[in-house]
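Results of the structural survey
Now for the letters of each chain:
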Amino acid sequence: MGVLTRNLDLFVHHFANTLKLFAVSGIASLLLGVFLAMLRVSPVPVFRGVGTLYVTVVRNTPLTLVFVFFVFAYPYLEIIKFEFFTAAVVALTLYTSAFVCEVVRSGINTVPIGQAEASRALGLTFTQMLGSIVLPQALRSVVPPMVSTFIALLKNTTVAAGFSVREAGAIRDALSELGEDTLTGMLWVAGIFVLLVMPLTYLQRVLEKRWSVSR
């Protein structure tokens, strides 16, 4: 307990950055993931190809390599200069959105094809059909895997510690510099992560009950 109380400001600051990184990346990856899912089910072959290529490449690329690119290689392109935190957000967003895309696409595939056909018969465009009929049902049916994806995102934020972002993953090094017991400190970090995951699990259960989809 002493390690936590003596370094409470350190824990609060680093976990605040973790939550900020998680929130920004989570919202961005959800938006991008839904867009990619729309590309994946698009009737236009070129769009489907772009979506498939993105998901295939990103899902098979280690997250660490994505970070390495945006932190070390991307600056040499001299397009837009990123701070370390912004680079971490971009890396996590691009990586997580590929998984969000597949979750949403799996939900779209659970919607009966007859509803899409009825939408076309009513004269709805592809975008209108997805936005008004298919996506609302799809998102309700993929609550468990979607929450699991965001839990993984929360844990993946620790990778940013290796790229000069002061979040929860960097607490060990900070404690080591202060001469504290790093093992005890990491046990506290693990415990706090468990506490952070619990609200997400609770949210999953609430949404499952409220958005239960009859099969």
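Heads up: the structure comes first, above all this text.
On the surface, Val44, Val46, Phe47 and Val50 cluster together into a nonpolar patch covering about 340 Å² of accessible area. With respect to the helices, strands and loops of the structure, Val50 is situated in helix H3 (residues 45–59).

Moving on: the layout of surface pockets. Empty space within the largest pocket amounts to approximately 340 Å³. Secondary structure elements with two or more residues in the lining of the largest pocket: helix H2 (8–40), helix H8 (143–156) and helix H10 (182–210). The leading source of residues in the lining of the largest pocket is H2, at 5 residues. Here the lining of the largest pocket is built from residues that sort into 14 nonpolar, 1 polar and no charged. Taken as a whole, the second largest pocket encloses approximately 270 Å³ of empty space. Only helix H5 (84–110), helix H6 (113–121) and helix H7 (126–141) provide two or more residues apiece to the lining of the second largest pocket.

Moving on: the pattern of salt bridges. Any two side chains of opposite charge can pair, so long as their charged atoms come close to each other. Counted under the stated rule, the structure contains 3 salt bridges. Among the ionic pairs, Glu102 bridges to Arg40, the shortest N-O distance being 3.1 Å. Pair noted here: Glu102 is in helix H5 and Arg40 is in helix H2, with a separation of 62 residues, a long-range link. Arg40 shares its class with Glu102; the two are buried. In this structure Glu102 comes out as buried when scored by relative accessible area, which is 15%.

Turning to the packing of helix H4 (residues 63–73) against H5, a few remarks are in order. Where H4 contacts H5, the two axes come as close as 9 Å, and the packing angle between them is 140°. Taken together, the axes of H4 and H5 lie oblique to each other. Crossing of H4 over H5 shows right-handed handedness. Here Leu63, Val66, Phe67, Phe70 and Val71 of H4 lie close against H5, whose contacting residues are Phe84, Ala87, Ala88, Val90, Ala91, Leu92, Leu94 and Tyr95. Tallied by class, the residues present in the contact of H4 with H5 amount to 13 nonpolar, no polar and no charged.

Following the sequence through the fold, Val104 ends up in helix H5. Owing to a relative accessible area of 0%, Val104 belongs among the buried residues under this scheme. Along the primary structure Val104 and Val34 are separated by 70 residues, whereas in three dimensions their C-alpha atoms are 6.5 Å apart. Look past the residues within four positions of Val104 in its chain and what remains in contact with it is Val34, Ala37, Leu135, Ala138, Leu139 and Met146.

Thresholds applied
- Residues numbered from 1 in each chain as written.
- Predicted model: local features only at pLDDT ≥ 70, side-chain atom pairs only at ≥ 80, totals over all residues.
- Heavy atoms only, no water.
- Patch = residues over 30% accessible without salt bridge, like charges linked within 9 Å, V, L, I, M, F, W, Y side chains within 5 Å.
- Areas by Shrake-Rupley, 256 points an atom, 1.4 Å probe, with all protein chains shown as cover.
- Salt bridge = Lys/Arg side-chain N within 4 Å of Asp/Glu carboxyl O.
- Helix = DSSP H or I, 4+ residues; strand = E, 2+ residues; numbered from the N terminus.
- 1 Å grid on protein atoms, 1.4 Å probe; cavity = no way out; pocket = protein on both sides within 12 Å on 5 of 7 lines; lining within 4 Å.
- Points joined across faces, edges and corners; volume = space filled by probe spheres on them.
- Nonpolar A, V, L, I, M, F, W, Y, C, P; charged D, E, K, R; others polar.
- Buried < 20%, exposed > 50% of the residue type's maximum accessible area, 1.4 Å probe, protein only.
- Axes fitted to C-alpha atoms, helices over the stretch in contact; angles between N-to-C directions.
- Parallel < 35°, antiparallel > 145°, perpendicular 65-115°, else oblique.
- Left-handed = near helix turned anticlockwise from the far one by under 90°.
- Contact = heavy atoms within 4.5 Å.

That's the geometry; what it means functionally is another story.
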